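Chain by chain, the residues run as shown.
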Amino acid sequence: MNESHTHHKTLIAPFRQALYRNDVPAARAALAEIMAPDCLVHMCHPFASFQGIDALFDCCFLPLSAAFPDLERRDFIVMAGATNEGNDWVGCAGRYIGTFVASFLDIPPTGHIAEIRFHEFYRFEAGKIVEVHGIWDIPELMMQAGAWPMAPSLGRALAVFGPATQDGLVQGPWDADAAGASCDLVREMLAHLVKHPAQGGPEVMELGRFWHPHMMWYGPAGIGVARGIEGFRTWHQIPFLNAMPDRGTHDDDLVFHFFGDGPYAAVTGWPNMLQTLSGDGWMGIAPTGKRIQLCSLDFWRIEEGRIRENWVLIDLLDVYRQLGIDVLARMREFNKARVRGAVDFQKGVL
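Residues numbered from 1 in each chain as written. Predicted model: local features only at pLDDT ≥ 70, side-chain atom pairs only at ≥ 80, totals over all residues. Heavy atoms only, no water.

1. Regarding the sheet that holds strand β4 (residues 88–99)
Thought 1: Read from one edge to the other, the open sheet built from 6 strands follows the order β2-β1-β6-β5-β4-β3, with strand pairing classed as mixed. In this open sheet, the two edge strands, each paired with only one partner strand, are β2 (49–51) and β3 (72–82). When strand polarity is set aside, the average angle formed by the axes of neighbouring strands in this sheet is 15°.
Thought 2: Bridge count for β3 against β4 is 10 bridges, and the pairing is antiparallel. In the sheet register, M79 faces β4, and the bridge partner there is G91.
Thought 3: Helix α1 (residues 4–20) contacts β3, β4, β5 (113–125) and β6 (128–136) of the sheet and is inclined by roughly 170° relative to β3.
Thought 4: Strand contacts of helix α2 (residues 24–34): β1 (35–43), β5 and β6, with the helix running at about 110° to β1, the strand carrying the most contacts. (Pairing = 2+ DSSP bridges. Helix = DSSP H or I, 4+ residues; strand = E, 2+ residues; numbered from the N terminus. Axes fitted to C-alpha atoms, helices over the stretch in contact; angles between N-to-C directions. Contact = heavy atoms within 4.5 Å.)

Spelled out as structure tokens, the structure:
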């Protein structure tokens, strides 16, 4: 058994727990203990990429905590493992929640509880974090604020569930065989997935072989949540492939980081999809003929030899950016008549 992966989850625990306690200075100190000074951080648009802990907190966590003074981090997946290339990763998924009382990225506050789903991946070398990939579901917060300026989700817009088995905080010791089996299933599924439409009709994907009939697909806000294979195909896959039928044909130009932990598998890459928006129907975007990069951070849970749950976050704001659409600027235009500034939120009196 390789206990380094369990150790990496232990190393990152104080950072996670400090944010659960709403102690942002303690979270910064905890991360500083294990983060290399020149750590490369890739965050979703509009945060972009930078180096080091100061930029990560100044750009991301401090503005978030200012908007949510009672900020609370709730992880529902924490897993770790090694890629085939020998890189060690920790993957975390969960929600940042709190009372939304001040604007965040110019999203108008509501005075109510709000949440932002996050997927965050941390690569370790010699006990230090040397690379971070993070996507926060910013469109989800816009929708909760009634400020989303783009097309509505085809899939259901609802709060995303944690694992049905409630075992997402994967405990050690790390089992290489179990982790490998989970990754192998997902890799084989993806290899079949990209056969359509280039190599045949939907049957070449063999979806029923890989996906549980009661599967849940938790897509990002803007795409939405789907139930079952038919729901997945109807609300996500068919519009996605109609718009970008060359999906999977440019993978030689990409780098994927797959790792597993028990019944969980995960993948990251920055980017990990490259395809051409040549057709209509995806998120209301007109076909441009432009090849775009997509950054997707994914988790899968395996049950009874098939995929039962799949959590997906895509940096959709960056997709729009590549197509010349500034979603945040459009949001400001749609909401410029709304009162700006902090909500005068009082706890009440006896």
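2. Brief notes about helix α5 (residues 176–193)
Thought 1: Between the first and last C-alpha of α5 there are 25 Å, a value that for 18 residues agrees with the 26 Å anticipated at 1.5 Å per step.
Thought 2: All of the buried residues in α5 are A179, S182, C183, L185, V186, M189, H192 and L193.
Thought 3: Between the side-chain oxygen at the start of α5 and the backbone nitrogen of D177 there is a gap of 3.0 Å, and the oxygen is on D175. (Expected span 1.5 Å × (residues − 1). Buried < 20%, exposed > 50% of the residue type's maximum accessible area, 1.4 Å probe, protein only. Polar contact = N/O pair within 3.5 Å; in protein donor to acceptor, adjacent residues only side chain to side chain.)

3. Observations regarding the pairing of strand β7 (residues 211–218)
Thought 1: Across the 8 residues of β7, 6 count as buried, placing the element largely inside the fold.
Thought 2: Pairing geometry for β7 and strand β14 (residues 306–314), over 4 bridges, is parallel. Looking across to β14, one finds that M216 is bridged to E309.
Thought 3: Hairpin connection of β7 to strand β8 (residues 225–227): 6 residues between the antiparallel strands, including G222 at a positive phi of 110°.

4. Overview of the environment of P14
Thought 1: The residue P14 is located in helix α1 in this model.
Thought 2: The spatial distance from the C-alpha of P14 to the C-alpha of L31 is 8.0 Å, given a sequence separation of 17 residues.

5. Here we look at the nonpolar core
Thought 1: Ranked by internal contacts, the top residues of the largest apolar core, which has 110 residues, are F15, L56, F104, I129, W136 and W282.
Thought 2: Filtering out sequence-adjacent residues up to four positions away, L56 remains in contact with L31, M35, V41, M43, F50 and F61. (Core = buried A, V, L, I, M, F, W, Y, C linked by side-chain atoms within 4.5 Å.)

6. Details of the environment of L317
Thought 1: Within the secondary structure layout, L317 lies in helix α8 (residues 316–322).
Thought 2: The spacing of L317 and V327 is 10 residues in sequence and 6.7 Å in space, taken between C-alpha atoms.
Thought 3: With sequence-adjacent residues up to four places away left out, L317 is seen in contact with H45, I138, P139, M142, W148 and V327.

7. What to know about the side chain of H250
Thought 1: Inspection of the secondary structure assignment puts H250 in the loop between α7 (228–243) and β9 (257–261).
Thought 2: For H250, the side chain forms a polar contact with the side chain of D246, separated by 3.0 Å.
Thought 3: When near neighbours in sequence (up to four residues on either side) are disregarded, H250 contacts L274, Q275, T276 and R291.

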